[in-house]
Amino acid sequence: MAAAEAAQKIRIAMDQLKATGVRERPLVEVLDLSHQMADAMAAFFGSLDRSIIAEFKYLADFIQKARDEISGLQANDIKDTRLPGASVELDAVVRDTERATETIMTEAEKLMSVEPTDLAAYKADVDAAMMRIFEACSFQDLTGQRVTKVISTLRHIEERVTRFAGALGVTDTKQAETAEEVRARELLLSGPAMNGPSTSQDDIDALFP
Amino acid sequence: MAVDLNMPVLVVDDYQTMIRIIRNLLIQLGFKNIEDARDGRQALDKLNGGKFGLVISDWNMEPMTGYELLEQVRASDTLKSTPFIMVTAESKTENVIAAKKAGVSNYIVKPFNAETLKGKLKAVLGEF
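Residue numbering note: each chain is counted from 1, following its sequence as written. Whichever chain is written first becomes A and whichever ligand is written first becomes 1, with later ones labelled in order. Side-chain atom pairs in this predicted model are given and counted only at pLDDT of 80 or more, local residue features only at pLDDT of at least 70, and totals for whole chains, interfaces and linings cover all residues.

Caption draft 1: Spotlight on the overall build of chain B. Numbered from the N terminus, helices here are DSSP runs of H or I no shorter than four residues, and strands are runs of E no shorter than two. Within chain B one finds five helices and five strands. When the helices and strands of chain B are read in sequence order from the N terminus, they spell out β-α-β-α-β-α-β-α-β-α. Principal-axis analysis of the C-alpha atoms places the extent of chain B at approximately 30 × 30 × 25 Å. Relative to its full complement of 128 residues, chain B shows a buried share of 39%. Throughout, a pair of residues is in contact if the C-beta atoms placed from their backbones lie within 7 Å. Nonlocal contacts in chain B, meaning residues at least 24 apart in sequence, comprise 63% of its contacts between residues at least 6 apart. Any residue whose C-beta has 12 or fewer other C-beta atoms within 10 Å is treated as exposed, any with 20 or more as buried, and any in between as partly exposed, C-beta atoms being built from the backbone.

Caption draft 2: Representation of the overall build of chain A. For chain A, the helix and strand inventory stands at eight helices and zero strands. Along chain A, from the amino end to the carboxyl end, the secondary structure elements read α-α-α-α-α-α-α-α. Here chain A has a C-alpha radius of gyration of 40 Å; the compact-globule value for 209 residues is 17 Å, and the former is much larger. Seen through its C-alpha atoms, chain A measures out along the principal axes to roughly 135 × 45 × 25 Å. Within chain A, the fraction of its 209 residues that count as buried is 2%. Computation of the radius of gyration draws on C-alpha atoms alone. For the globule rule, the value is 2.2 Å times the number of residues to the power 0.38.

Caption draft 3: Molecular detail of the interface of chain B and chain A. Every contact between the two is made by 20 residues of chain B and, on the other side, 17 residues of chain A. Listing elements by their share of the side of chain B that touches chain A, those giving two or more residues are helix H1 (16-28), helix H4 (93-102) and strand E5 (106-109) of chain B. Of all the elements, H4 of chain B adds the most residues to the side of chain B that touches chain A, at six residues. Residues are grouped as follows: Ala, Val, Leu, Ile, Met, Phe, Trp, Tyr, Cys and Pro are nonpolar; Asp, Glu, Lys and Arg are charged; every other residue, Gly included, is polar. The class makeup of the residues in the side of chain B that touches chain A is six nonpolar, nine polar and five charged.

Caption draft 4: Region of interest: the domain arrangement of chain A. For each domain, the first and last residues come from an automatic or database assignment. Structurally, chain A comprises domain 1 (3-48) and domain 2 (59-168). Put simply, the middle of domain 1 of chain A and the middle of domain 2 of chain A, counted by C-alpha atoms, are 79 Å apart.

Caption draft 5: View of the pairing of strand E4 (residues 84-88) of chain B. All names here are of chain B. Of all five residues that make up E4, five are buried, and the element is covered over most of its length. The alternating pattern of E4 places Phe84, Met86 and Thr88 and Ile85 and Val87 on opposite faces, both of which are buried. Across three bridges, the pairing between strand E3 (residues 54-57) and E4 is parallel. Note on E4: the bridge partner recorded for Val55 is Phe84. The pairing criterion for strands is at least two bridges between them, as found by DSSP.

Below, the structure is given as structure tokens:
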């Protein structure tokens, strides 16, 4: 029985009940009406497109998976702990290298200005300056360890973001350039190249004969 | 004509360490009058306020880059003949070509050594 036909039958039966009063109808007619309603309900639910149910099921599964992946991303841990930690480490690297550079350059400048009239005193000055330069160079060990920590953090984030993007099928959309990126492009600001200069000094010299 | 080692030289870089390195190298080469600026804007102010015989400038600085400084210098009637050496980590060919077109006197890519700096100074100023 089609849903519309069943509904029409129910409507007619209801009209009859209203017109005559339910208590005057025989029990068999009420049961008959119940059967018709049951048929109508079965027809209605049976008529629903099963593909829609499948779509809802897929969506529910996808949302659950997304929730699991978002949870696995540990965004709060990244935002509250790992990135601030990496930032602190990099600040320390900058500070340590600045301090070491300052020490080394100051010692070198002192050596440049020392008058070698008294050789013994000159040697003592040079030896002392060299020791301070050696000590200052120990920054490299500390900065190396700090940078390793930062790299570890970046790898941690990279792994999670990559897994998240893969699991949810995320694709990149084209983003508008930021003002900073526009400025860098227009003013040819790209910074130092990896593994040495993009154009060697010899090739540059060839352009300035 | 011999290079006047007393002429004012302006070193422009946003890193004090680099200014210090170039300053010390110039002193080693005999230059006596070295000033510095932390970006293109500050450099332009200094250039407009005094007679400099040479500008040695980084490229990547805020708010005015070395390239913008070079353009401003070459566009100025009073400054356009000032020798201008770019010392920068920007080593792409397009950077070098852009600087050359803008009128840079020579171009040194970082990191560099004293010999390279001396060679470029000689190429721009003459023997000293």
